[in-house]
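Structural overview
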Amino acid sequence: MSDRPAGRSPLSLITLALDKFLIWVSIAVGAVLAINMIVAVFYRYVLSSPIFWADELSLYLFCWATFLGACLAVKRSDMAAVTFLLNRLPERGRIIGSMLIQVSILFFAVVMGYYSMLWIMSPSVMNLLSPALAMKMWKLYVIVPISMLCMAVFTIEHIVHLLQDLFIGKKGGAAQ
């Protein structure tokens, strides 16, 4: 699916814009994480005066980078997979098998997104402050439902393309 040229459907335009946005946010998060870690090491080992909040910030930035990377991996179909059985099926079977996988990913994203929203909106999380940063924890945890929403959108796009492949057929494309 990743070799498919971007179409002009509204869904394709949305996923393309979302993909570009996630790339830029990931770059920013990665840059801030790297700078934070370099500065923290410099202060700890060169100046012998550690920054007390740097470790916590690194932890939260790493979590954000992980969830953003997972979204981009879903978009590009770059998740780890065991394709031993799928590769042995005829083309129609591969499409149906891929469809089942995408529906499973969509189910996971919807369930996780729903329950993560319930969790974040609970009073215990809404009023909780991070120990070192003194920041509301919901602002740090919000990446979970955001990433699940992005994964759901990307998965829906994959399902639409698989349905097109199943019912319309491939037009000169290589086998998946």
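These remarks concern the structure in this document. (Residues numbered from 1 in each chain as written. Predicted model: local features only at pLDDT ≥ 70, side-chain atom pairs only at ≥ 80, totals over all residues. Heavy atoms only, no water.)

1. Overview of the environment of tyrosine 114
Which entries qualify depends on this criterion: Secondary structure elements follow DSSP: runs of H or I of four or more residues count as helices, runs of E of two or more count as strands, with numbering from the N terminus. Burial here depends on accessible area, computed with a 1.4 Å probe over protein chains only, as a share of the maximum for the residue type. Under 20% is buried, over 50% is exposed, and the range in between is partly exposed.
The residue tyrosine 114 is located in helix 4 (residues 91–120) in this model. Judged by relative accessible area, tyrosine 114 falls into the partly exposed class, the value being 48%. Taking the C-alpha atoms as reference points, tyrosine 114 and methionine 148, 34 residues apart in sequence, are found 8.8 Å from one another.

2. Digging into the nonpolar core
Note the threshold: The nonpolar core is taken to be a set of buried Ala, Val, Leu, Ile, Met, Phe, Trp, Tyr and Cys residues, with the residues joined through side-chain atoms within 4.5 Å.
In this structure, Leu22, Cys71, Cys150, Met151 and Phe154 are the most contacted members of the largest nonpolar core, which totals 17 residues. Of all the secondary-structure elements, those providing two or more residues to this core are helix 1 (10–46), helix 2 (54–76) and helix 7 (143–167). When residues of this core are assigned to their parent elements, the largest contribution, seven residues, is made by helix 7. Judged by nonpolar contacts, the second largest core, of five residues, contains Met99, Ile159, Leu162 and Leu166.

3. Concerning a nonpolar patch on the surface
Test applied: Like-charged residues within 9 Å of one another, or nonpolar side chains (Val, Leu, Ile, Met, Phe, Trp, Tyr) within 5 Å, are grouped into patches, provided each residue has over 30% relative accessible area and no salt bridge. Surface accessibility follows the Shrake-Rupley procedure with a 1.4 Å probe radius. Residue values consider only the protein chains on display as shielding. Each salt bridge in this description consists of a side-chain nitrogen of Lys or Arg and a carboxyl oxygen of Asp or Glu lying within 4 Å of one another.
A cluster of nonpolar residues, Ile35, Val39, Val41, Phe42, Tyr43, Tyr45, Val46 and Leu47, forms a patch on the protein surface that exposes about 780 Å² of accessible area. Relative to the helices and strands, phenylalanine 42 is located in helix 1. The exposure class of phenylalanine 42 is partly exposed, given its relative accessible area of 41%.

4. As for the pattern of salt bridges
The final tally for this structure, using the stated rule, is three salt bridges. Close ionic contact of arginine 76 with aspartate 19 constitutes a salt bridge, the shortest N to O distance being 2.8 Å. With arginine 76 in helix 2 and aspartate 19 in helix 1, this pair connects stretches of sequence that are 57 residues apart. With a closest N to O distance of 3.0 Å, lysine 75 and glutamate 157 form a salt bridge. Placement of the pair is lysine 75 in helix 2 and glutamate 157 in helix 7, with a sequence separation of 82 residues. Residue lysine 75 is classed as buried on the basis of its relative accessible area of 18%.

5. So, the packing of aromatic side chains
The test is simple: In this analysis, rings of Phe, Tyr and Trp, with Trp reduced to its six-membered ring, are considered paired at centre separations within 6.5 Å, and the interplanar angle assigns stacked below 30 degrees, edge-to-face beyond 60, and tilted for intermediate values.
With the rule as written, the count across this model stands at three aromatic pairs. Geometrically, the ring pair formed by tyrosine 114 and tyrosine 115 is edge-to-face, given 5.0 Å between the ring centres and 80° between the ring planes. Aromatic side chains tryptophan 119 and tyrosine 141 sit 4.5 Å apart centroid to centroid with 25° between the ring planes, which places their arrangement in the stacked category. Linking tryptophan 119 in helix 4 with tyrosine 141 in helix 6 (residues 137–141), this pair joins segments that are 22 residues apart in sequence. Here tyrosine 141 falls in the partly exposed class, since its relative accessible area comes to 23%.

6. Side note on the packing of helix 1 against helix 7
Going by this rule: Here the axes come from fitting lines to C-alpha atoms, over the contacting stretch only for helices, and the angles between their N-to-C directions go from 0 to 180 degrees. What sets the label is the angle itself: under 35 degrees gives roughly parallel, over 145 gives roughly antiparallel, 65 to 115 gives roughly perpendicular, and the rest give oblique. Crossings are sorted by hand: turned counterclockwise from the far helix by less than a right angle, the near helix makes the crossing left-handed, and turned clockwise it makes it right-handed. The criterion used for residue contact is that any of the two residues' heavy atoms lie within 4.5 Å. Throughout this entry, Asp, Glu, Lys and Arg are counted as charged residues, while Ala, Val, Leu, Ile, Met, Phe, Trp, Tyr, Cys and Pro are counted as nonpolar. The remaining residues, Gly among them, count as polar.
It is the contact of helix 1 with helix 7, at a shortest axis distance of 10 Å, that shows an interaxial angle of 140°. In this view, helix 1 runs oblique relative to helix 7, as classed from their interaxial angle. Judged by the twist between their axes, the crossing of helix 1 over helix 7 is left-handed. Contacts from Leu11, Ser12, Ile14, Thr15, Leu18, Asp19 and Leu22 in helix 1 reach Cys150, Val153, Phe154, Ile156, Glu157, Val160 and His161 in helix 7. Here the contact of helix 1 with helix 7 is composed, by residue class, of nine nonpolar, three polar and two charged.

7. Focus on the packing of helix 4 against helix 7
In the contact formed by helix 4 and helix 7, the axes pass within 8 Å of each other and the chain directions differ by 160°. By the angle between their directions, the pair helix 4 and helix 7 is classed as roughly antiparallel. The two elements helix 4 and helix 7 meet at a crossing, and its hand is left-handed.

8. Let's talk about helix 1
Put simply, the rule reads: Helix span is expected to be 1.5 Å times the residue number reduced by one.
Compared with the 54 Å implied by 1.5 Å per residue over 37 residues, the 53 Å span of helix 1 between its first and last C-alpha is a close match. Among all positions of helix 1, only Ser12, Thr15, Leu18, Asp19, Leu22, Val29, Leu33, Asn36 and Ala40 are buried. Contacts made by the buried residues of helix 1 are with helix 2 and helix 7. Immediately downstream of helix 1, the backbone of serine 48 shows phi near 50°, a positive value.

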